[in-house]
Amino acid sequence: AQSVTQLDSQVPVFEEAPVELRCNYSSSVSVYLFWYVQYPNQGLQLLLKYLSGSTLVKGINGFEAEFNKSQTSFHLRKPSVHISDTAEYFCAVGSFQKLVFGTGTRLLVSP
Amino acid sequence: DTAVSQTPKYLVTQMGNDKSIKCEQNLGHDTMYWYKQDSKKFLKIMFSYNNKELIINETVPNRFSPKSPDKAHLNLHINSLELGDSAVYFCASSQVGANTGELFFGEGSRLTVL
């Protein structure tokens, strides 16, 4: 069975500050890892993904994540956030034809 | 053109009614899904279809019946609606084997049962 834990339900941060959203996973098989973003009243959009290879993955909008197998983590980072980054962020772990999502972290960026 | 489109976007109905949500994808994907997002934003898979064939059914009540007339469409019919069915329902699609596991989501259908 696979599961995802997002340790923070909400992360408040000031504009232009760095941010890290934490994600830990458990899986008995090789995994693919994803971060999705959901803006208000919209569907989810892929930010970035780890399938194999380099453990540092770069995504859209300046986000990046690092796959750490020993710590079973896939934390999302951005060096400088904007107001427009305010959204819900979901970490997900997947295998053949199925993704399991975490409970989401609400990123609140204020001026 | 919207890649994954769902209708209706909003649905308000009384308990006991039957309702349907439609989904269409124009990405040429072979797999489609229904996810339910509850009031706490938790996203849970309900069903998955691959080339019109049901492959995942995650202990969803029998009142929920998905139908896939072709691989570009996956509709969700709900009988005898209950208060607890209130949620946002997301349709998604993917192409198994290419960008493995990546899902493309619709904008969601917000169902409110009164």
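Here the structure is shown first, and the text comes after it.
Just so it is clear, the structure is predicted and the values come from calculations on it, not from any experiment. (Residues numbered from 1 in each chain as written. Chains lettered and ligands numbered in written order. Predicted model: local features only at pLDDT ≥ 70, side-chain atom pairs only at ≥ 80, totals over all residues. Heavy atoms only, no water.)

(A) Expanded view of the overall build of chain B. When its secondary structure is counted, chain B shows 0 helices and 11 strands. In sequence order, chain B lays out its α and β elements as β-β-β-β-β-β-β-β-β-β-β. Expected size for 114 residues packed as a compact globule is a radius of gyration near 13 Å; at 13 Å, chain B falls within 12% of this value. When its C-alpha atoms are laid out on the principal axes, chain B stretches across 40 × 25 × 25 Å. Of all intrachain contacts in chain B linking residues separated by at least 6 positions in sequence, the fraction that spans at least 24 positions is 54%. Here chain B has roughly 5,600 Å² of accessible surface; of this, 49% comes from carbon and sulfur atoms. Averaging the locations of the 12 positively and 12 negatively charged side chains of chain B gives two centres separated by 6 Å. (Helix = DSSP H or I, 4+ residues; strand = E, 2+ residues; numbered from the N terminus. Rg over C-alpha atoms; globule rule 2.2 N^0.38 Å. Contact = heavy atoms within 4.5 Å. Areas by Shrake-Rupley, 256 points an atom, 1.4 Å probe, with all protein chains shown as cover. Lys, Arg positive; Asp, Glu negative; His and termini not counted. Charge placed at Lys NZ, Arg CZ, Asp CG, Glu CD.)

(B) Fine view of the side chain of Q38 of chain A. For Q38 of chain A, the location among the structural elements is in strand 5 (residues 32-38). Within the local environment of Q38 of chain A, its side chain forms a polar contact with the backbone oxygen of Q42 of chain A, the two atoms lying 3.0 Å apart. Beyond its immediate sequence surroundings of up to four residues, Q38 of chain A is in contact with G43, L44, A87, E88 and F90 of chain A together with Q37, K41 and F90 of chain B. (Polar contact = N/O pair within 3.5 Å; in protein donor to acceptor, adjacent residues only side chain to side chain.)

(C) Seen up close, empty space enclosed by the protein. Residue and element names in this part refer to chain B. All chains considered together, the criterion is met by 1 cavity of 30 Å³ or more. The calculated volume of the largest cavity comes to roughly 30 Å³. Every residue along the wall of the largest cavity is listed here: D30, T31, M32, Y49, N50, N51, K52, S68, D70 and K71. Among the secondary structure elements, those contributing two or more residues to the lining of the largest cavity are strand 4 (31-37), strand 5 (43-50) and strand 7 (64-70). (1 Å grid on protein atoms, 1.4 Å probe; cavity = no way out; pocket = protein on both sides within 12 Å on 5 of 7 lines; lining within 4 Å. Points joined across faces, edges and corners; volume = space filled by probe spheres on them.)

(D) Structural detail: the pairing of strand 12 (residues 105-110) of chain A. Residues and elements named next belong to chain A. Residue alternation in strand 12 divides its side chains into a buried set, T105, L107 and V109, and an unburied set, R106, L108 and S110. For strand 2 (residues 10-14) and strand 12, the ladder comprises 5 bridges, and the chain directions are parallel. Residue pairing across strands places V11 opposite L107, the latter belonging to strand 12. (Buried < 20%, exposed > 50% of the residue type's maximum accessible area, 1.4 Å probe, protein only. Pairing = 2+ DSSP bridges.)

(E) Summary view of the environment of Q25 of chain B. Residue and element names in this part refer to chain B. Its location among the elements puts Q25 in strand 3 (residues 19-25). By relative accessible area, Q25 is classed as buried at 3%. Apart from the residues lying within four places of it in its own chain, the contact partners of Q25 are A3, V4, M32, K71, A72 and S93. Among the polar contacts made by the side chain of Q25, one reaches the main-chain amide nitrogen of G28 at a distance of 3.2 Å.

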